[in-house]
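What follows is the residue order along each chain.
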Amino acid sequence: MNFDSLGDWERTHDCCTLGSDYTGAEVILMGWVQRRRDHGGLIFIDLRDRAGITQVVFDPQRNAEAHQRAHALRPEHVIGVRGEVRFRPEGMTNPKLKTGEIEVIVDEYRLFNTSLTPPFQVEPEVDAGENLRLRYRFLDLRRPNIFQNLRTRHNAAQAVRQYLNENGFLEVETPVLTRSTPEGARDYLVPSRVNPGKFYALPQSPQLFKQLLMMAGFDRYYQIVKCYRDEDLRADRQPEFTQVDIEMAFVDEDQICRLTEGLLGHLFEKILDHKLQLPFPRLTYDEALARYGTDKPDTRFGMELVDVSPVFADSNFQIFAKLIKAGGMVKALNLKGQATLPRSDLDKMQGKENLVNHYDIQTGAQGVAWIKVQETNWQGPVAKNLTMGEKELLADTAGLEPGDLILFVAGESRVVNPTLDTLRSHFGRRLGLMDNKQFQFTWITRFPLLEYDHDTKRYLAVHHPFTAPVEEDIGLLTDHPEQARSRAYDLVLNGNEIGGGSIRIHHHNLQRQVFQALGIDEEEAQQKFGFMLEALQYGAPPHGGIALGFDRLVMLMCGATSIRDVIAFPKTQKAGCPMTQAPEKVSLEQLLELSLKLDLPG
RNA sequence: GGGGGCGUAGUUCAGUUUGGUUAGAACGCCGGCCUGUCACGCCGGAGGCCGCCGGUUCGAGUCCGGUCGUCCCCGCCA
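Residues numbered from 1 in each chain as written. Chains lettered and ligands numbered in written order. Predicted model: local features only at pLDDT ≥ 70, side-chain atom pairs only at ≥ 80, totals over all residues. Heavy atoms only, no water.

### Considerations on the sheet that holds strand β16 (residues 405-411)
In plain terms, the rule: For two strands to count as paired, DSSP must find a minimum of two bridges between them. A helix here means a DSSP run of H or I that spans at least four residues, while a strand means a run of E at least two residues long, and both kinds are numbered starting from the N terminus.
Pairing within the open sheet is antiparallel, and its five strands lie in the order β12-β13-β16-β14-β15. Taken across any chain shown, the strands that pair with only one partner, and hence form the sheet edges, are β12 (305-307) and β15 (378-379). Bridge count between strand β14 (residues 369-373) and β16: four bridges; the pairing is antiparallel. Bridge assignment links K372 to a residue of β16, and that residue is L405.

### Brief notes about helix α4 (residues 144-166)
Structural remark: α-helix, 3.6 residues per turn; residues separated by three or four positions point the same way. As a reminder of what qualifies: How far a helix is expected to stretch is found by multiplying one less than its residue total by 1.5 Å. Relative accessibility decides the category of a residue: with a 1.4 Å probe and only protein chains considered, values under 20% of the type maximum give buried, values over 50% give exposed, and everything between is partly exposed. Two residues form a contact once any of their heavy atoms are found within 4.5 Å.
Its 23 residues place the ends of α4 32 Å apart at the C-alpha level, agreeing with the 33 Å of an ideal helix rising 1.5 Å per residue. The complete set of buried residues in α4 reads I146, N149, T152, R153, A156, A157, A159, V160, Y163 and L164. Turning to α4, the residues buried within the fold contact α2 (130-135), α3 (137-140), β9 (220-228), β10 (240-249), α6 (253-272) and α17 (550-558). At the C-terminal side of α4, G168 shows a positive phi close to 85 degrees.

### So, empty space enclosed by the protein
Quick reminder of the rule: Both cavities and pockets are sets of points on a 1 Å grid over the protein atoms alone; in a cavity a 1.4 Å probe fits but cannot get out, in a pocket the set is open with protein on both sides within 12 Å along at least five of seven lines, and lining residues sit with an atom within 4 Å of a point. Grid points are joined across faces, edges and corners, and a volume is the space filled by probe spheres set on the points.
With the rule as written, the count across this model stands at one cavity of 30 Å³ or more. When its volume is computed, the largest cavity comes out at roughly 40 Å³. Together, L134, R137, F569, P570, C577, P578 and M579 line the largest cavity.

### Re the layout of surface pockets
Taken as a whole, the second largest pocket spans an internal volume of roughly 810 Å³. Elements supplying a minimum of two residues to the lining of the second largest pocket: β1 (26-38), β2 (43-48), β3 (53-58) and α4.

### Quick look at the pattern of salt bridges
Close approach of charged atoms lets side chains of opposite charge pair. Counted only if it meets this: Salt bridge, as used here, is a side-chain nitrogen of Lys or Arg placed within 4 Å of a carboxyl oxygen of Asp or Glu.
Across all of its chains, the model carries 42 salt bridges by this definition. Between E247 and K210 there is a salt bridge, with its nearest N and O atoms 3.4 Å apart. Residue E247 is located in strand β10, and its partner K210 is located in helix α5 (residues 207-215); the two are separated by 37 residues in the primary sequence. Note on E247: relative accessible area 0%, which makes it buried. Across the pair D298 and R300 runs a salt bridge whose closest N-O atoms are separated by 2.6 Å.

### Re the sheet that holds strand β4 (residues 78-87)
Stated formally: Interaxial angle, 0 to 180 degrees, is taken between N-to-C directions of lines fitted to C-alpha atoms, where a helix line uses only the stretch in contact.
Pairing is mixed around the closed barrel formed by five strands, whose spatial order is β1-β2-β3-β5-β4. Across the sheet, the mean angle from the axis of one strand to that of its neighbour is 55 degrees, orientation sign disregarded.

### Digging into the confidence of the model for chain A
Defined as follows: As a per-residue measure, pLDDT tells how confident the predictor is, with possible values from 0 to 100.
In the predicted model, chain A carries a mean pLDDT of 95, and 100% of its residues have values of at least 70. For this predicted complex, the interface score ipTM comes out at 0.94, while the overall pTM is 0.95.

### Structural notes on the packing of aromatic side chains
Test applied: Pairing of aromatic side chains requires ring centres within 6.5 Å, counting the rings of Phe and Tyr and the six-membered ring of Trp. Pairs whose planes differ by under 30 degrees are stacked, by over 60 edge-to-face, and all others tilted. Comment: the charge-over-ring label is applied if NZ (Lys) or CZ (Arg) is within 6 Å of the ring centre and within 35 degrees of the ring normal.
One pass over the full model with this rule turns up 18 aromatic pairs. A cation over an aromatic ring shows up here: R424 above the ring of F301, its NZ or CZ 4.2 Å from the ring centre.

### Some words on the side chain of R153
Going by this rule: Identification of polar contacts relies on pairs of N or O atoms within 3.5 Å, with a donor-acceptor requirement for protein atoms, meaning one able to donate a hydrogen and the other able to accept it, and with residues adjacent in sequence counted only if both atoms are side-chain atoms.
Structurally, R153 is set in helix α4. Within the structure, R153 has its side chain in polar contact with the side chain of T242 (distance 3.2 Å).

### Description of the protein's contact with RNA strand B
Put simply, the rule is: Being near a molecule or strand, for a residue, comes down to having at least one heavy atom within 4 Å of it. Asp, Glu, Lys and Arg are counted as charged, while Ala, Val, Leu, Ile, Met, Phe, Trp, Tyr, Cys and Pro are counted as nonpolar; the rest, among them Gly, fall into the polar class.
For RNA strand B, the set of nearby residues contains 52 residues, the closest of which are R35, M92, S205, A461 and H463. Near-protein atoms of RNA strand B (within 4 Å) split between backbone and bases, with sugar and phosphate holding 57%. Residue D232 places a side-chain N or O atom 2.5 Å away from a base nitrogen belonging to RNA strand B. Here a phosphate oxygen of RNA strand B and a backbone polar atom of Q573 are 2.7 Å apart. Looking at the surface near RNA strand B, its residues break down into 14 nonpolar, 20 polar and 18 charged.

Shown next as structure tokens:
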């Protein structure tokens, strides 16, 4: 096959622009062959570029040679055409195309390149397995739907920059090769050739650097930045991901929340033409857990959890009564009007195995009890064991009406809450209460500062070790560290954690006190965070910030269900890239240079 | 580390429950015909290590064990 060179051709338009007001114009278009409809006589080509599709026509009477050659065109061949824009004949317009009123009749055509038959069809409606799509990502990215997502991502990044620039923020880059920090996620490590036996770590976030920028007096910093965490993947987790990282000096929680709300308001208006309701509602961590069973509630729908322990504490329903006496609780989920739910669905909630298999509940819950509330009687095994008074109390507490189905889970809070959270999400989705055109933000505040880790038998920072405790709780650090609340906040959107931050510690003594509570002794603190402790002694201003998960945010804005759909070249669940085959072995020479020796199991 | 789903033509899938002729469909691909199609149409054709290894069996796509890949989830993710 002979290829043509570009020659002196310059594109005049993209494949989305031309319409009836261009008729008669001579244009040059370039792009990929989407489809060929070869009538033997006329040949129609759908020409595609990133902007759209334009139909071009090869007519033997217009140019016999071009028409003859066009028989050989195949999907994904790369061509340029010079021709005239003309109206389509009466009744031949295609309302599905933006350019559907016109077509380009070809006077001259150049074949720039051919394509092998693609492993999957490069069309929006044809689905292909994700592994194949990632292996041939360059083809997958030609499809308009995934390209649109990345365009939205680009626009979103620009809108973020615009807003923050206008609000006095400086974008500052921080190192990607830095030192390993002992707290938090597993680090990605990079061996140092010039310092044998020593390693850099890729940053889990620019946390320390952005605080140091505040200490440097930069006042307002931001960065759209890659972060790296060597943990297992999920639909909304990649080993490298992007944060909108923000830090401000001389601010408290309110100011950071307001700034974030302004930023997101700007972003949603600019990108989706969607006006957000500001300010966002706030829930304390304790409230969120009580009402939704999770610290990242989906507030697009109600269906809140109700603590019904008082109903059962002294009831004849022995299973529940005993669990409560043992320090447990009974919480309920009132599914309004769902008394018609088939018995089989309820049977699938009985027993650990059923819950795992049918509801993806892996909390260790033994089962879910239920009552179907009818006009005259209440159905279900629980109802029989309740007195009239208990029934009244229950109806009152849970707002029961005829036609309702109420689900109960009893036990320790760490089982009850996540179980009901999963059930609430399950039915929220199933009953169509999760409208992904709706964007419900919620702040979650007042997280615990520390939590006890049973494995390492010490306290760990819930957020990170530089988070300030609530002032009146500082006294608790020595004797009841688990009771101290933090000045941390998360931002939740439709049940997804899309951001989090805190007011930081800016006093040397308090930082040492928190390290102490974390079981980090003076020597270790000096060795690992010495530079930070030092900086705190040279006039550190009050400061705080937030980091937004940019991938998740864009995912939700695009209506996607995985952040892989908004990342150009994402990784699979085993953190591999099917296209480049990364990660891959390296040569012995490379290892030697780094003073490394492999010691593989098996 | 653990639980669950999937793996069959280039692709998306059916077939596996209950083992038994030559493993099917659609789209795609190849050849031919076709001057108004746009999911073009019509005729013809090619295309299979049923993920891999082992076992049970007279016989395995189908049953059993293992393994690899992929997806969802738990743990983990300051």
